[in-house]
Amino acid sequence: MNSRCASINKILPFSCVDGPGNRLAIFLQGCNLRCKSCHNPYTMGICDNCGDCIPTCPQQALSLQKGVISWNSASCEQCDTCIQQCPRQSSPMTLTYTVDELITITRKYAAFINGVTVSGGESTLQLPFLIDYFKAIKEAPDLKHLTCLIDSNGTLSLNGWQKIAPYMDGAMIDLKSWSEETHLYLTGRGNQRIKESIKWLANNNLLTELRLLYIPEKTDYLEKIELLSQFINSLAKSIPVRINTFHNHGVYGEASKWRPAYREEIITLQNELTLRKINLINKPNINL
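A brief report on the enclosed structure follows. Everything numeric here is computed off the predicted structure, so don't read it as measured data. (Residues numbered from 1 in each chain as written. Predicted model: local features only at pLDDT ≥ 70, side-chain atom pairs only at ≥ 80, totals over all residues. Heavy atoms only, no water.)

**Structural notes on the overall build of the protein**
- In terms of regular secondary structure, the protein is built from eight helices and eleven strands.
- For 288 residues, the compact-globule estimate of 2.2 N^0.38 gives 19 Å, and the C-alpha radius of gyration of the protein, at 20 Å, lies within 12% of that figure.
- Taken along the three principal axes of its C-alpha coordinates, the protein extends 60 × 50 × 35 Å.
- When the 288 residues of the protein are sorted by exposure, 49% land in the buried category.
- Considering only contacts in the protein between residues 6 or more positions apart, those separated by 24 or more positions represent 66%. (Helix = DSSP H or I, 4+ residues; strand = E, 2+ residues; numbered from the N terminus. Rg over C-alpha atoms; globule rule 2.2 N^0.38 Å. Buried < 20%, exposed > 50% of the residue type's maximum accessible area, 1.4 Å probe, protein only. Contact = heavy atoms within 4.5 Å.)

Laid out in structure tokens, this is it:
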């Protein structure tokens, strides 16, 4: 029995956008970045049970039980009023799962999926749970065929990656800008450790995908294209690069006023990378 617990924001039984094939996608609560462009800002904070959200709920689906926020999912209509009121960018609608409970859920869908992807927030903040969960999958005869991927911001230490490496099949990492200064502006934190994670994962054949989030007039990929391309080309093998485009749906604060990228801008970035011998590029379908 494994009763190690994690705070989980959401579970998608079937996802085709969180890694290759059809996947069980698990979103853990909590993040150590504060990205202005975050499309899931309510996954950032950990609820401190202050109770400020309780009176804001139109369905009265929230209450305080022994000092802890209790969420009545049957009454909830997912209006997200509570999330919009939270000063910590958290959600009272998270649930706590043990490894055994999550394995039971995984087993329910195992015949219909190619693998599991653990995302967030930042899933590696709950690394001991993540290790135990992946290890349980790899040790189960009826689950070991599933690939175990992590969707991460890359801030985990190299020591952390080394601990989970025996049980994972790969990681998808976001490099949200090239320069430290721009990354600090966009996320509240520098990117040196992220670059180190990308290199280590690539050198150990564990970098499934490198992701670039293009934000018009904010990201510096084009301005730093030579350095960025040299970095990508220096990785141990040819790594798939995914260009994602910013959109402001669900975004809070100043980024809610930023415009999305035009198709021509994405094509320009793709072409500049291709000119520098980076050919494994996936780009989004956009209509602008």
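**Focus: helix H7 (residues 225-234)**
- Residues of H7 that are buried: Ile 225, Leu 228, Ser 229, Phe 231 and Ile 232. Down the axis, H7 shows its buried residues gathered within 160 degrees of arc, on one side only.
- Where H7 is buried, its residues touch helix H6 (192-203), strand E9 (207-214), strand E10 (241-245) and helix H8 (263-275). (Arc of directions from axis to C-beta.)

**A look at the packing of H7 against H8**
- As a packed pair, H7 and H8 sit with axes 10 Å apart at the nearest point and diverge in direction by 60 degrees. Here H7 lies oblique to H8, going by the angle between them. Crossing of H7 over H8 shows right-handed handedness. Residues Ile 225, Leu 228, Ser 229 and Ile 232 of H7 form the contact with H8, whose own contacting residues are Leu 269, Glu 272 and Leu 273.
- In terms of residue class, the contact of H7 with H8 is made up of five nonpolar, one polar and one charged. (Axes fitted to C-alpha atoms, helices over the stretch in contact; angles between N-to-C directions. Parallel < 35°, antiparallel > 145°, perpendicular 65-115°, else oblique. Left-handed = near helix turned anticlockwise from the far one by under 90°. Nonpolar A, V, L, I, M, F, W, Y, C, P; charged D, E, K, R; others polar.)

Keep in mind these numbers describe shape, not what the thing actually does.
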